[in-house]
Amino acid sequence: MTFFEGKEGILSVYDDTLREKKPIQAWSDFDAMRETLGENFMTTYPEKRTAKNIYFHCITRKTPTSLELQKSNAKNLRDMRFMMREKLKTEINIYGNKVAFISFKSVKPFAVIVEDEGISHTLRSVWSELWHALSGK
């Protein structure tokens, strides 16, 4: 388990997802992500991920931000399904044998990577159940 602090720490976690080169299943809050990491990240990270041919499947809230991002899903190797819930204010990325928990808190944002085959398998199974129950519209 590795702990990362602040915006720079969170960016290190996203760099780890690029190094792993594995498909990513996620629960995402794009509004909170934009608030913490900025507009530039919203463009550059998907470009880097796409250049490495890494697919990103996420469960997210239906917001103006996610609907705008959805327009570039095919170009950015991204697929979204929507849930109708309150703000998540977090992101969970499952990739390879790792799970990244990211908190986009305005004060002291942080992230944790847990590398464990059992934990990643269990969370991927739960994610898959929800993914199949949700619509992409």
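Up top is the structure.
### What to know about the pairing of strand E3 (residues 56–61)
Right, on to step 1. In terms of burial, E3 is largely enclosed, as five of its six residues are buried.
Right, on to step 2. Relative to E3, strand E2 (residues 24–28) runs parallel, the two sharing five bridges. From the neighbouring strand, serine 28 faces E3, where its bridge partner is threonine 60.
Right, on to step 3. Examined bridge by bridge, E3 and strand E4 (residues 78–83) share six bridges and lie parallel to one another. By the bridge assignment, isoleucine 59 is partnered in E4 with arginine 81.
Right, on to step 4. The parallel pair E3 and E4, bridged by helix H4 (residues 64–70), forms a crossover whose chirality is right-handed.

### Some points on the environment of leucine 18
Right, on to step 1. Inspection of the secondary structure assignment puts leucine 18 in helix H1 (residues 6–20).
Right, on to step 2. Taking relative accessible area as the criterion, leucine 18 reaches 7% and is therefore assigned buried.
Right, on to step 3. Separated by 58 residues in the primary sequence, leucine 18 and asparagine 76 place their C-alpha atoms 14 Å from one another.
Right, on to step 4. Those residues within four positions of leucine 18 in sequence are excluded, and the remaining contacts are Tyr45, Lys48, Arg49, Lys52 and Ile54.

### Topic: the packing of aromatic side chains
Right, on to step 1. A full pass over the atoms with the stated rule returns five aromatic pairs.
Right, on to step 2. For the pair tyrosine 14 and phenylalanine 41, a centre-to-centre distance of 4.8 Å together with 55° between the ring planes defines the contact as tilted. Here tyrosine 14, found in helix H1, pairs with phenylalanine 41, found in helix H3 (residues 39–51); they are 27 residues apart in sequence, far enough to count as distant.
Right, on to step 3. On the basis of relative accessible area, tyrosine 14 is assigned to the buried category, the value being 1%.
Right, on to step 4. Measuring from ring centre to ring centre gives 5.3 Å for phenylalanine 41 and tyrosine 45, while their planes differ by 15°; the resulting arrangement is stacked. With phenylalanine 41 and tyrosine 45 both in helix H3 and four residues apart, the pair spans about one turn of that helix.
Right, on to step 5. You can call tyrosine 45 buried: its relative accessible area is 7%.
Right, on to step 6. One aromatic cluster in this structure is built from Tyr14, Phe41 and Tyr45.

The rules behind these values
- Residues numbered from 1 in each chain as written.
- Predicted model: local features only at pLDDT ≥ 70, side-chain atom pairs only at ≥ 80, totals over all residues.
- Heavy atoms only, no water.
- Buried < 20%, exposed > 50% of the residue type's maximum accessible area, 1.4 Å probe, protein only.
- Helix = DSSP H or I, 4+ residues; strand = E, 2+ residues; numbered from the N terminus.
- Pairing = 2+ DSSP bridges.
- Right-handed = clockwise from strand over helix to strand, strands pointing away.
- Contact = heavy atoms within 4.5 Å.
- Phe/Tyr/Trp six-rings, centres within 6.5 Å; stacked < 30°, edge-to-face > 60°.

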